[in-house]
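# Secondary and tertiary structure notes
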Amino acid sequence: MLSIKNLHASIEGTPILRGINLEVKAGEVHAIMGPNGSGKSTLASVLAGREEYEVTEGEVSFKGKNLLDLSPEVRAREGVFLAFQYPVEIPGVSSTNFLRTAVNQVREYRGEEALDAVKFLTLMKEKMKLVEMDQKLLSRALNEGFSGGEKKRNEIFQMAMLAPTLSILDETDSGLDIDALRIVSNGVNQLKSKDNATIIVTHYQRLLDYIIPDFVHVLYNGQIVKSGSKELALELEEKGYDWIKDEVDSRATV
Amino acid sequence: MSTLIKQDILVELLANVGTGFEQVRAAGKEAFQDQGFPTNKSEEYKFTAITKKLEQSIQNFAPAGAFEVTADQVKANVFEGYAGDVLVFANGHFQPSLSSTIEGVEVALLSEKADTAIGSIAKPGKDPFCALNQSSFEGGIFISVPKKAQIQMPILLLNFFKANGGQVIQPRVWIEAGDFAEVTFINHSVNLSDTPYFANKVMELKGGLNTQIRCYNLQNEGKNAIEVSTTETDIQKDGRFTSVNISLSGELVRNNLSINILGSNSEGNMYGLYLLNGKSHVDNHTNMDHTVAHSESNELYKGILADSSRGVFNGKIFVRQDAQKTNAFQQNNNILLSEDAVVNTKPQLEIWADDVKCSHGCTTGQLDEEALFYLQARGIAKDQAKGLLLYAFAGEVLDHITDESFREYCIAQVQRRLGSNF
């Protein structure tokens, strides 16, 4: 589904990603871990099409298309979803209107009929249950005045509404208390299927107790330096990242 | 290119006024001659070179005079679903045959109301254009809302403008509302010609005890209009006055809006939106004067500027020594969509009382890129996402319009502009 080959990206001339290689197949869950500043969020942003990042080398194909050629909105319509690390508050834009516009633009692109108000509301009510969203939140402006947990839940709710094939969760767990973490994970798990894939970007192993990854990759200095099964995450949790850094740095000096 | 010399232009303008108001006109003439046209050294017109613009665009500095307006033109310019009354004007001259008779409201030509205290609220000494209008206004209308009258439906002042040989149009409106009266006015100006004109409008509103007056102004006259619009009101005890001003186009527009709070427990509100493109220049000068204790004012002006348009905002708030317990708030926010667009914004607070709550703020920035990316990342096309964000920014001002058909009309105009031009 997603194939990343030798991806290099920089921001304002500073290289952040220095040759990422990653294959993600339908039905898989990949966790990307790594110390702060290793490039995890950059990878998520580049995949979603954030313009500040310049791809200097490499290629990314998604369902056979060159993802890097597509605008952020077309990527979303093709089925890429980024759950933001910091969801943006947008005063004056109602959550419901925003979501209806988004859902219908995505549906139109996919050759599906636009949802009328009634059908949209029915879908919304169904998906709200997934993340135990309070309907009151949706009558407010988008993310405005939402708590940290509410914002993250809203991200997963939007994901449920847009039915993506590739979901990228960028530090969705940070700042969540255990109840919120359980609710968010539960939502993600219910949305998993054999046809879609999930990339979880996280600093901590904790989330992976709830969403079990098939693969764990460690990102350091803009490269994937180690890949393994979910046990790798536990090892990282126990030993921290220093041993990985030491391993990589000694390899470099030899 | 001619130079505007005050005596020269006054001769032509004064030659055409009818009888009546001799003293008022003389006072206006004197005040205008004292002040003259503003130069680039005039502090109040520092960013708005209106004299130069008049010299360039107006060849015939004479009154445009009345002309015939058709019923179809009226029909075409009343908002869909509008249920209120309509008063029609051609270059400031009232057209009774095309206008409604408003139940419970007295409407008369100013010339029939010789004792109207013209210039007692919008004083000619404060501004040369206000003085010019007082010396040589054409036609003019007197509207009186009696005590305790509650006029449910708004009153639309539909002004048709057209250069007509002469290119100077000087309408004058006097409105008075008795104690406890409630009324809403909508000013809508329609341009019927491609020839540039100079509209120098003055509207004075005299409130009573506990009156509630709303005054909306929609400026969308196209790129040939030069306009100075002066609106001034006195608010008495327990009164409330709310102004909403929407500027969508104009070669050069200057709005002078002044609210004088003369009684306690009263409230003055000023809201404004300017969406500018091309080379439009819109200048909003506002003046909120708290003279007595226990009053409140709210002011919010927002601008979206594209191309090489220019916006000016100057918001004065005076809190006089006696005006303790005043709450006065002012905000001016701007979004610049192009590198060539310019905003000059200046809050100007003079506070002489010591127990007051006053705040002001102004921001000028670009569209929030992070918010734009967020919307795109959810599948919304970039242009549409921009429109959504800009409308969210602008909509806050339109929310203050209470008449539904007029609000819907403004929303449609604004959305059309945000979709097509930005």
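Within an unreviewed UniProt entry, the label attached to chain B reads Iron-regulated ABC transporter permease protein SufD, and the organism entered is Algoriphagus antarcticus.

Per an unreviewed UniProt entry, chain A goes by Iron-regulated ABC transporter ATPase subunit SufC and derives from Algoriphagus antarcticus.

### Brief notes about the overall build of chain B
On a plain count of helices and strands, chain B comes out with eight helices and 20 strands. For 422 residues, the compact-globule estimate of 2.2 N^0.38 gives 22 Å, and chain B sits close to it at 21 Å. Dimensions of chain B along its principal axes, counting C-alpha atoms only, are 65 × 50 × 45 Å. In chain B, which comprises 422 residues, the proportion classed as buried is 53%. Counting contacts in chain B only where the partners sit at least 6 residues apart, residues at least 24 apart contribute 84% of the total.

### Some details on the overall build of chain A
Looking only at helices and strands, one finds nine helices and 12 strands in chain A. For chain A, the C-alpha radius of gyration of 18 Å lies close to 18 Å, the compact-globule estimate for 254 residues. Seen along its three principal axes, the alpha-carbon backbone of chain A occupies a region of about 65 × 40 × 35 Å. Split into buried and exposed, the 254 residues of chain A put 43% on the buried side.

### Brief notes about the UniProt feature "domain: SUF system FeS cluster assembly SufBD core" (unreviewed entry) in chain B
Mapped onto the present numbering, the UniProt feature "domain: SUF system FeS cluster assembly SufBD core" (unreviewed entry) falls on residues 164–393 of chain B. The span residues 164–393 of chain B is 9% helical and 59% strand by assignment, and the distance between its end C-alpha atoms comes to 39 Å.

### A closer look at the pairing of strand β16 (residues 295–305) of chain B
All names here are of chain B. Here β16 lies mainly inside the structure; eight of its 11 residues are buried. Pairing between strand β14 (residues 266–276) and β16: 11 bridges, direction parallel. For S266, the partnering residue across the bridge sits in β16 and is S295. Here β16 pairs with strand β18 (residues 327–336) via 10 bridges, running parallel. Opposite I304, over in β18, you have I335 as the bridge partner.

### Here we look at the interface of chain A and chain B
On the chain B side, the residues contacting the 20 residues of chain A number 16 residues. In terms of residue class, the side of chain A that touches chain B is made up of 12 nonpolar, five polar and three charged.

### Here we look at the nonpolar core
Counting 184 residues, the largest nonpolar core has F81, I168 and I200 of chain A together with L87, L157 and A394 of chain B as the members making the most contacts within it. Considering each element in turn, this core owes the most residues, eight residues, to helix α7 (residues 382–398) of chain B. Here this core spans two domains, and each of domain 1 (6–263) and domain 2 (369–422) of chain B adds at least three residues to it.

### Observations regarding the UniProt feature "domain: SUF system FeS cluster assembly SufBD N-terminal" (unreviewed entry) in chain B
UniProt feature "domain: SUF system FeS cluster assembly SufBD N-terminal" (unreviewed entry): in the numbering of this structure it lies at residues 21–155 of chain B. End-to-end, the C-alpha atoms of residues 21–155 of chain B are 26 Å apart, and along that stretch the chain is 27% helix and 13% strand.

### A short note on the packing of helix α6 (residues 148–162) of chain A against helix α7 (residues 178–191) of chain A
All names here are of chain A. One can describe the packing of α6 onto α7 by two numbers: an axis separation of 10 Å at closest approach and a directional angle of 5 degrees. It follows from the interaxial angle that α6 and α7 lie roughly parallel. In this structure, α6 uses G149, K152, R153, I156, M159 and A160 to contact α7, whose residues at the interface are A180, I183, V184, G187, V188 and L191. Looking at the contact of α6 with α7 residue by residue, the class counts come to eight nonpolar, two polar and two charged.

### Description of the domain arrangement of chain B
Residue and element names in this part refer to chain B. Domain annotation of chain B identifies domain 1 (6–263) and domain 2 (369–422). Computed from C-alpha coordinates alone, the two centres of domain 1 and domain 2 are separated by 30 Å. Listed as interface residues are 16 residues of domain 1 and, on the opposing side, 11 residues of domain 2. Listed by contribution, the elements that provide at least two residues to the side of domain 1 that touches domain 2 are β8 (182–191), β10 (212–219) and β12 (240–247). In the side of domain 1 that touches domain 2, the residues fall into 10 nonpolar, four polar and two charged.

### Considering the environment of I411 of chain B
For I411 of chain B, the position within the fold is in helix α8 (residues 404–420). With 78 residues separating them in the primary sequence, I411 of chain B and N333 of chain B have C-alpha atoms 19 Å apart.

### Structural notes on helix α2 (residues 22–35) of chain B
Residues and elements named next belong to chain B. With 14 residues, α2 extends 20 Å between its outermost C-alpha atoms, agreeing within 8% with the 20 Å of an ideal straight helix rising 1.5 Å per residue. Listed as buried for α2 are V24, G28, K29, A31 and F32. With its buried residues spanning 165 degrees around the axis, α2 presents them on a single face. More than 90 degrees from the buried face of α2, the exposed residues found are E22, Q23 and D34.

### A word on the environment of V86 of chain B
Residues and elements named next belong to chain B. You can see V86 is positioned in strand β1 (residues 85–90). Since 20 C-beta atoms lie within 10 Å of it, V86 is described here as buried. For the pair formed by V86 and A381, sequence separation is 295 residues and the distance between their alpha carbons is 41 Å.

### Here's the deal with the sheet that holds β1 of chain B
Strand order in the open sheet formed by 10 strands is β2-β1-β5-β8-β10-β12-β14-β16-β18-β20 (chain B), and the pairing between neighbours is mixed. Single-partner strands in this sheet number two, and they are β2 (93–94) and β20 (357–365) of chain B.

### Overview of the sheet that holds strand β11 (residues 215–220) of chain A
Residues and elements named next belong to chain A. Ordered by their spatial adjacency, six strands build an open sheet running β6-β9-β10-β3-β11-β12, and the pairing between neighbours is mixed. Looking at which strands have only one partner, the edges of the open sheet turn out to be β6 (80–83) and β12 (223–228). Sheet twist, expressed as the average angle between the axes of neighbouring strands with direction ignored, equals 20 degrees. Bridge analysis of β6 against strand β9 (residues 166–170) gives four bridges, and the strand direction is parallel.

### Observations concerning the UniProt feature "domain: ABC transporter" (unreviewed entry) in chain A
Listed under "domain: ABC transporter" (unreviewed entry) in the UniProt record, and renumbered for this structure, are residues 2–246 of chain A. Secondary structure content for residues 2–246 of chain A is 38% helix and 29% strand, and the end C-alpha separation is 30 Å.

Conventions and cut-offs
- Residues numbered from 1 in each chain as written.
- Chains lettered and ligands numbered in written order.
- Predicted model: local features only at pLDDT ≥ 70, side-chain atom pairs only at ≥ 80, totals over all residues.
- Helix = DSSP H or I, 4+ residues; strand = E, 2+ residues; numbered from the N terminus.
- Rg over C-alpha atoms; globule rule 2.2 N^0.38 Å.
- Buried ≥ 20, exposed ≤ 12 C-beta atoms within 10 Å, placed from the backbone.
- Contact = placed C-beta atoms within 7 Å.
- UniProt positions renumbered as here; feature names shortened; annotations may be inferred.
- Pairing = 2+ DSSP bridges.
- Nonpolar A, V, L, I, M, F, W, Y, C, P; charged D, E, K, R; others polar.
- Core = buried A, V, L, I, M, F, W, Y, C linked by C-beta atoms within 7 Å.
- Domains from an automatic or database assignment.
- Axes fitted to C-alpha atoms, helices over the stretch in contact; angles between N-to-C directions.
- Parallel < 35°, antiparallel > 145°, perpendicular 65-115°, else oblique.
- Expected span 1.5 Å × (residues − 1).
- Arc of directions from axis to C-beta.

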